[in-house]
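Residue-level listing of the chains:
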Amino acid sequence: LGMVFSFFVLFRLVLPLILLGYSPVWSAIGGCVLIIPATFYLSHGVKHKTSVAILGTLVTLVLTGVMAYIFAHLGNLTGLADEAASFLKSDTGDRIDFQGLLLAGILISMLGVLDDVSVSQAAIVQELEGAKKNISFVELYRRTMTVGKDHIASMVNTLVLVYAGASIPLLLLFIDHSHTFYEVLNYEFVAEEIIQTLVASIGLILTVPVTTFIACIWHRKSA
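Just so it is clear, the model here is predicted, and its values are computed rather than measured. (Residues numbered from 1 in each chain as written. Predicted model: local features only at pLDDT ≥ 70, side-chain atom pairs only at ≥ 80, totals over all residues. Heavy atoms only, no water.)

## Examining the overall build of the protein
At step 1: Within the protein, the regular secondary structure consists of 9 helices and 0 strands.
At step 2: What you see in the protein, going N to C, is helices and strands ordered as α-α-α-α-α-α-α-α-α.
At step 3: Oriented by its inertia axes, the alpha-carbon framework of the protein measures out at about 60 × 45 × 30 Å.
At step 4: Looking at the protein as a whole, 40% of its 223 residues qualify as buried.
At step 5: Across the protein, contacts joining residues at least 24 apart in sequence account for 74% of those joining residues at least 6 apart. (Helix = DSSP H or I, 4+ residues; strand = E, 2+ residues; numbered from the N terminus. Buried < 20%, exposed > 50% of the residue type's maximum accessible area, 1.4 Å probe, protein only. Contact = heavy atoms within 4.5 Å.)

Put into structure tokens, the structure is as follows:
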């Protein structure tokens with residue numbers, strides 16, 4: 001049901017708004033605001049840990065969006081390195097902001113991974129607080145972060161390898177001696193992949209302290 005709702009929001013709301021010329025980033029954020037609570041509650045139930053995970057995910061998405069915006073501008077990305085984007089550009093002209101489309105794609109692609117990390121951190125805080133009623137805020141946060149660090153290390157490694165596996169032809173350019181390393185690095189389609197990987201990884205890492213902090217405050221207040 002969560003998957004069906006996600007696709008409904010994407011195909012009936014987000015994508016039509018983008019085609020009409022609305023900001024891809026704001027359209028994606030609006031879609032995420034609808035998708036996150038619905039899919040989280042459907043998947044994990046209406047519980048305190050789910051609400052905490054939703055808050056942590058939304059905060060992390062905002063921070064990730066800001067980072068993506070900054071790095072896309074610093075990297076002078078146009079969003080037209082992809083062949084599909086070039087075809088779309090020829091059909092729609094200047095109606096769509098393709099750099100914004102690139103940023104929107106980063107935000108939407110992170111939702112599934114953030115779900116895993118944020119819910120796990122919220123659940124760890126809940127279990128630790130339940131096992132030791134008089135645990136301090138500092139100890140609760142520290143112990144949860146200890147588990148979270150191991151989780152995030154494996155998740156970031158997984159994320160990077162997924163990007164690498166999908167970009168084998170791209171990686172071959174780096175060992176093709178007919179092109180220098182810096183020449184390949186400055187191709188836009190290469191720069192896009194690097195920035196997407198880095199921004200997604202940093203956003204994923206931020207999920208752990210952000211969600212843990214929110215969960216610790218939530219449970220200490222409700223204790």
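## Here's the deal with the pattern of salt bridges
At step 1: Taken as a whole, this structure holds 2 salt bridges when the rule is applied.
At step 2: We note a salt bridge from K132 to E139, for which the minimum N-O separation is 3.1 Å.
At step 3: Exposure remark for K132: the relative accessible area of 35% places this residue in the partly exposed category.
At step 4: One salt bridge connects R143 with E139, and the closest N-O pair in it is separated by 2.8 Å. A residue pair is termed a helical-turn pair when its members lie 3 or 4 positions apart in one helix, as R143 and E139 do in helix 6 (residues 137–165) at 4 residues. (Salt bridge = Lys/Arg side-chain N within 4 Å of Asp/Glu carboxyl O.)

## Comments concerning the packing of aromatic side chains
For any pair of aromatic rings, the description rests on two quantities: the centre-to-centre distance and the angle between the ring planes.
At step 1: Applying the stated rule across the entire model yields 3 aromatic pairs.
At step 2: Measuring from centroid to centroid gives 6.0 Å for F7 and F11, while their planes differ by 15°, and the two rings are stacked. One end of the pair, F7, and the other, F11, are both in helix 1 (residues 2–19), 4 residues apart, so they sit about a helical turn from each other.
At step 3: Judged by its relative accessible area of 45%, F7 is partly exposed.
At step 4: Residue F11 is classed as exposed on the basis of its relative accessible area of 52%.
At step 5: Plain terms: the ring middles of Y187 and F189 are 5.8 Å apart, the flat faces sit at 10° to each other, and that makes the pair stacked. (Phe/Tyr/Trp six-rings, centres within 6.5 Å; stacked < 30°, edge-to-face > 60°.)

## Section: the side chain of S51
At step 1: Along the chain, S51 falls in helix 3 (residues 48–74).
At step 2: Among all residues touching S51, those that are not within four sequence positions of it are Y41 and W218.

## Focus: unusual backbone geometry
At step 1: Located in the positive-phi region is N76, a residue other than glycine, with phi close to 55°.
At step 2: When you line up the elements, N76 lands in the loop between helix 3 and helix 4 (83–92).
At step 3: Since its relative accessible area comes to 63%, N76 is described here as exposed.

## Notes on the nonpolar core
At step 1: Counting 38 residues, the largest nonpolar core has I36, L61 and L204 as the members making the most contacts within it.
At step 2: If you list the elements that add at least two residues to this core, you get helix 1, helix 2 (24–44), helix 3, helix 5 (98–131), helix 6 and helix 9 (188–222).
At step 3: In terms of residue count, the dominant contributor to this core is helix 5 (10 residues).
At step 4: Contact partners of I36, with chain neighbours within four places excluded, come to I54, T57, L58, L61 and L111.
At step 5: V52, V125, V210 and I214 belong to the second-largest nonpolar core, a separate cluster that totals 9 residues. (Core = buried A, V, L, I, M, F, W, Y, C linked by side-chain atoms within 4.5 Å.)

Interpretation note: all reported values are geometric properties and have no functional meaning in isolation.
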